[in-house]
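Letter by letter, the chains look like this.
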Amino acid sequence: MALKYKRILLKFSGEALMGSGDFGLDAGTLKVVVSQVKALRDLGVEVAIVVGGGNIFRGAQIQGSGIQRTTGDQMGMMATVMNALALRDVIESMGMTSQVLSAMPIDGVSVGFEANSAKKRLADGEVLVFAAGTGSPFFTTDTAAALRGIEVDAEIVLKATKVDGIYTADPMKDSSATRYSFLTYDDVIQKNLQVMDMTAFVLCREHQMPIRVFDMFKDNAVIRIVQGESEGTLVAEGEK
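Residues numbered from 1 in each chain as written. Predicted model: local features only at pLDDT ≥ 70, side-chain atom pairs only at ≥ 80, totals over all residues. Heavy atoms only, no water.

Thoughts on the nonpolar core
Ile-8, Phe-12, Ile-49, Leu-87 and Phe-214 are the most contacted members of the largest nonpolar core, which totals 40 residues. Among the secondary structure elements, those contributing two or more residues to this core are β1 (7-12), α1 (27-43), β2 (46-51), α2 (69-93), β5 (127-131), β6 (156-161) and α7 (221-226). Take this core: its biggest share by element is seven residues, from α2. Judged by nonpolar contacts, the second largest core, of 33 residues, contains Phe-113, Tyr-180, Leu-183 and Cys-204. (Core = buried A, V, L, I, M, F, W, Y, C linked by side-chain atoms within 4.5 Å. Buried < 20%, exposed > 50% of the residue type's maximum accessible area, 1.4 Å probe, protein only. Helix = DSSP H or I, 4+ residues; strand = E, 2+ residues; numbered from the N terminus.)

Some remarks on helix α3 (residues 115-123)
In an α-helix, one turn spans 3.6 residues; hence positions three or four apart end up facing the same way. Burial in α3 covers these residues: Ala-115, Ala-118 and Leu-122. For α3, the buried positions fall inside an angular range of 60° around the axis, keeping them on one side. Buried residues in α3 make contact with β1, β2, β3 (98-102), β5 and α4 (141-151). Here α3 starts with a cap whose side-chain oxygen sits 3.3 Å from the backbone nitrogen of Asn-116, and that cap is Glu-114. Where α3 ends, the next residue or the one after it, Gly-125, has phi of about 95°, a positive value. (Arc of directions from axis to C-beta. Contact = heavy atoms within 4.5 Å. Polar contact = N/O pair within 3.5 Å; in protein donor to acceptor, adjacent residues only side chain to side chain.)

Considerations on the environment of Met-96
With respect to the helices and strands, the residue Met-96 is situated in the loop between α2 and β3. Those residues within four positions of Met-96 in sequence are excluded, and the remaining contacts are Val-34, Val-37, Lys-38, Arg-41, Ile-91 and Val-127.

A few points about the side chain of Asn-55
Inspection of the secondary structure puts Asn-55 in the loop between β2 and α2. Within polar-contact distance, the side chain of Asn-55 engages the side chain of Asn-83 at 2.7 Å. Look past the residues within four positions of Asn-55 in its chain and what remains in contact with it is Gly-14, Glu-15, Leu-17, Met-18, Phe-23, Gly-24, Leu-25 and Asn-83.

If you want it as structure tokens, here you go:
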């Protein structure tokens, strides 16, 4: 089957890497996530990844401690670097080439992000893991995903979550909640749906970057998406 998307930005939270634990990284979960990346690469899809750091550190942990918000955000950025390094190694253990590109370059650990270089690396088949968010405090990794996706000319931002799309209400709390298969950017704003933080969402809207929210751990979901099949919820301009 022909590919609908040949270059994607895959975004998932650090918590997604914890498995059934409540802190850190789960080896089995890492392998499951990276196996999905390998399946994409085997199809010829160019893959860039943004991962959060909430499995290691969250700013809420230090509220009232005397540590400044800016410092806390920098600590969170460092947590994403740790996750990115783990992902890179597992990616390479599965026979792919990978590189960590960080908004906070660390000599001997990662290299700095530069859009043209990143696009060339993707075209050459490398799996890129973007770390340290945007490099600035007060911005989430959702915003980093939107920004990096736009900068590297990704065709879509795929946001992996714990549920299979965007619902009318929290399906974990409301059994009557129903899933949207398609929403326009205006729909999301009018319905006050929490797709991603507003800065990230506005970036995607202004650059007409489609967003698809889906369950990363649903078998073959990401494969179905790049082949143009319906999975989760698509947010885009105009008609589906």
